[in-house]
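# Understanding the architecture of this molecule
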Amino acid sequence: MKVTAVELHLLAMPLVRPFETSFGRQTARTVLLVRVRTDVGDGWGECVAMADPVYSSEYVAGAEAVLRDYLAPAVLHADEVTAEGFAGLVSFVIGHRMAKAALETALLDAELRTAERSFGDYFGAVRDEVDCGVSVGVAPSIPELLDEVAGYVDEGYRRIKLKIKPGWDIEPVREVRELLGPDALLQVDANTAYDAADIRHLRLLDAYELLLIEQPFVEEDIATHIQLAREIETPVCLDESILGVGVAVDAIERHATSIINIKAGRVGGYLEAVRIHDACAELGVPVWCGGMLETGVGRAANVALAALENFTLPGDTSASRRYFAEDLTEPFELVDGRLRVPTAPGSGVTVREELLRAWAVRAPVILT
Ligand code: OSB
Ligand code: MG
């Protein structure tokens, strides 16, 4: 197809409750959306970069600059563009995976809408609904944490993930395990807040039958994850470290991780995400779908990805209302702890253009 325009939409959407992690506290989601206009139709992609470079080095203003100055011109100057050819077209740009993922997804959406094929069908989905978990931020106090968790349990979430950091780890885990009972699925995510000196302390988590501990150490430090995995019974799961299929296979083979969190944005797009899924399946390593507080645009694609065979653990694919009072698309609603995989062409969801305007931080940048 021929790309005729790339639009960059910048929105601010209030979160229904603040989300606090070891790297900071967010009260709103700054969302960068990409729309491609092509000779066969339009497509949307959501950039998962956050407002500040605190989860990874990418951030919204940086992603916007790379899209505007490098990625959009590359697709606008090409005579023929396909989602599958996109990575090759922009391989001269190092990194900036979240920016690349957003544009690749928009291209794929345009392509599949034209072909009348859904993301799920294209990725290789084997189920029509996916088990959902919920990621629970650091709370102001233990009673408030227990209240929040109890609310999610009532809503039907099939797995709870607690954000942890030094000073907020063993006690909240102990209390939540007591609230949930021994059989409930419970895991923790440290977002790189610990270092090798904390290994003895982290071993205290073994008392609580956790599904996994996610990314305790900085993203480039595979060695300390290997050391922890040797010394702890709780499975170690990498998030931030996994930037592509090569790193994933390497980390698995070196026993740094035995479960992988797949986020398409972090690895450069859904095509790479599927490759990681396939490689993990071959190695017998289960995966689950991570989240980045996406709107319905990104959530639709995540849910389709989570419907692949080897996504055997519930994902951070929560319902729209866990994040936003009103979603940018038709809302994703939990039924019996699951979300339905969209079946309409492309992402299967429709952007509500009046909300796009209502929540805009500035007029869209239109590149031609
Ligand atoms: O580490 O998984 C993470 C949100 C923003 C950035 C990083 C992470 C998260 C979450 C929330 O844990 C996942 C979600 O509900 O979208
Ligand atoms: Mg994480």
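This text goes with the structure placed above it.
Here we summarise the structure given alongside this text. (Residues numbered from 1 in each chain as written. Chains lettered and ligands numbered in written order. Predicted model: local features only at pLDDT ≥ 70, side-chain atom pairs only at ≥ 80, totals over all residues. Heavy atoms only, no water.)

### Details of the overall build of the protein
Stated precisely, the cut-off is as follows: Going along the chain from the N terminus, every DSSP run of H or I of four or more residues is numbered as a helix, and every run of E of two or more is numbered as a strand. We take the radius of gyration over the C-alpha atoms and set the globule estimate at 2.2 Å times the residue count to the 0.38 power. Buried residues are those whose accessible area, probed at 1.4 Å on protein chains only, stays under 20% of the maximum for their type, while exposed residues exceed 50% and partly exposed ones sit between those limits. Any two residues whose heavy atoms approach within 4.5 Å are treated as being in contact. Calculation of accessible area relied on Shrake-Rupley with a 1.4 Å probe; when residues are assessed, cover is drawn exclusively from the protein chains displayed. Positive charge is attributed to Lys and Arg, negative charge to Asp and Glu, and no charge count is given to His or to the chain ends. Here the site of a charge means atom NZ of a Lys, CZ of an Arg, CG of an Asp or CD of a Glu.
Along its length, the protein carries 13 helices and 13 strands. A compact globule built from 368 residues would reach a C-alpha radius of gyration of about 21 Å, and the protein, at 20 Å, matches this within 12%. For the protein, the spread of C-alpha atoms along the principal axes amounts to about 60 × 40 × 35 Å. A total of 368 residues make up the protein; the buried ones form 57% of that total. Contacts in the protein between residues far apart in sequence, at least 24 positions, make up 71% of those at least 6 positions apart. With the model as given, the accessible surface of the protein reaches about 14500 Å², and the carbon-plus-sulfur share is 50%. Mean positive and mean negative side-chain charge positions of the protein (34 and 58 charges, respectively) differ by 2 Å.

### Description of the site of ligand 1
To keep things clear, this is the line we draw: Any residue with at least one heavy atom within 4 Å of a molecule or strand is counted as near it. What qualifies as a polar contact is a pair of N or O atoms within 3.5 Å, subject to a donor-acceptor requirement within protein and to the restriction that residues adjacent in sequence count only when both atoms come from side chains.
The environment of ligand 1 is formed by 17 residues, the closest being S135, K163, N191, L293 and Y323. One of the side-chain nitrogen or oxygen atoms of D239 is found 3.1 Å away from an oxygen atom of ligand 1. Taking Y323, its side chain carries an N or O atom lying 2.6 Å from an oxygen atom of ligand 1. The protein chains hide 100% of the 390 Å² of surface that ligand 1 would expose on its own.

### Examining the pairing of strand β5 (residues 133–136)
Our working definition: For two strands to be treated as a pair, DSSP must find at least two bridges joining them.
Side chains of β5 alternate between two faces, with G133 and S135 and V134 and V136 buried alike. With 4 bridges connecting them, β5 and strand β6 (residues 159–163) associate as parallel partners. By the bridge assignment, G133 is partnered in β6 with R159.

### Thoughts on the side chain of E272
Locating E272 in the fold gives a position in helix α11 (residues 270–283). In this structure the side chain of E272 is engaged in a polar contact, spanning 2.7 Å, whose partner is the backbone nitrogen of V245. A distance of 2.8 Å separates the side chain of E272 from the side chain of R275, its partner in a polar contact. Every residue in contact with E272, bar those within four places of it in the chain, is listed here: G244, V245 and V267.

### Topic: helix α12 (residues 296–306)
Burial analysis of α12 places 11 of its 11 residues in the buried class, which makes it a mostly covered element. Turning to α12, its buried residues number three or more, namely G296, V297, G298, R299, A300, A301, N302, V303, A304, L305 and A306.

### Regarding the pattern of salt bridges
Formally: Criterion for a salt bridge: a side-chain nitrogen of Lys or Arg within 4 Å of a carboxyl oxygen of Asp or Glu.
The tally for this structure, following the rule as stated, stands at 27 salt bridges. Between E7 and R37 there is a salt bridge, with the nearest N and O atoms lying 2.8 Å from each other. You can see E7 sitting in strand β1 (residues 3–21) and its partner R37 sitting in strand β2 (residues 24–38), a full 30 residues away along the chain. Looking at E7, the relative accessible area reads 5%, which means it is buried. For K161, the salt bridge goes to D189, with nearest N and O atoms at 3.1 Å. With K161 in strand β6 and D189 in strand β7 (residues 186–189), this residue pair connects regions lying 28 residues apart in the sequence. Note on D189: relative accessible area 1%, which makes it buried. In the salt-bridge network here, residues are joined through shared partners; they are R159, K161, K163, D189, E214 and D316.

### Quick look at the environment of G45
Examined against the element boundaries, G45 turns out to sit in strand β3 (residues 41–47). In this structure, the C-alpha to C-alpha distance between G45 and L103, residues 58 residues apart in sequence, is 6.1 Å. Not counting residues up to four positions away in its chain, the partners in contact with G45 are L32, L33, V34, A102, T105, A106 and V297.

### Here's the deal with the packing of aromatic side chains
Short version of the rule: Planes of paired rings set the category: under 30 degrees apart is stacked, over 60 is edge-to-face and the rest tilted, where pairs are Phe, Tyr or Trp rings (Trp by its six-membered ring) whose centres lie within 6.5 Å.
The final tally for this structure, using the stated rule, is 6 aromatic pairs. When the centroid spacing of 5.5 Å and the interplanar angle of 45° are considered together, the rings of F119 and F123 count as tilted. Of this pair, F119 and F123 both sit in helix α4 (residues 119–123), 4 residues apart, which is roughly one turn of that helix. Owing to a relative accessible area of 2%, F119 belongs among the buried residues under this scheme. Of the residues examined, F123 reaches a relative accessible area of 6% and is grouped as buried. Measuring from ring centre to ring centre gives 5.5 Å for F123 and Y270, while their planes differ by 15°; the resulting arrangement is stacked. With a gap of 147 residues between them, F123 in helix α4 and Y270 in helix α11 connect regions that are remote in the sequence. Each residue in the set F119, Y122, F123 and Y270 is aromatic and connected to the rest through ring pairs, giving one cluster.

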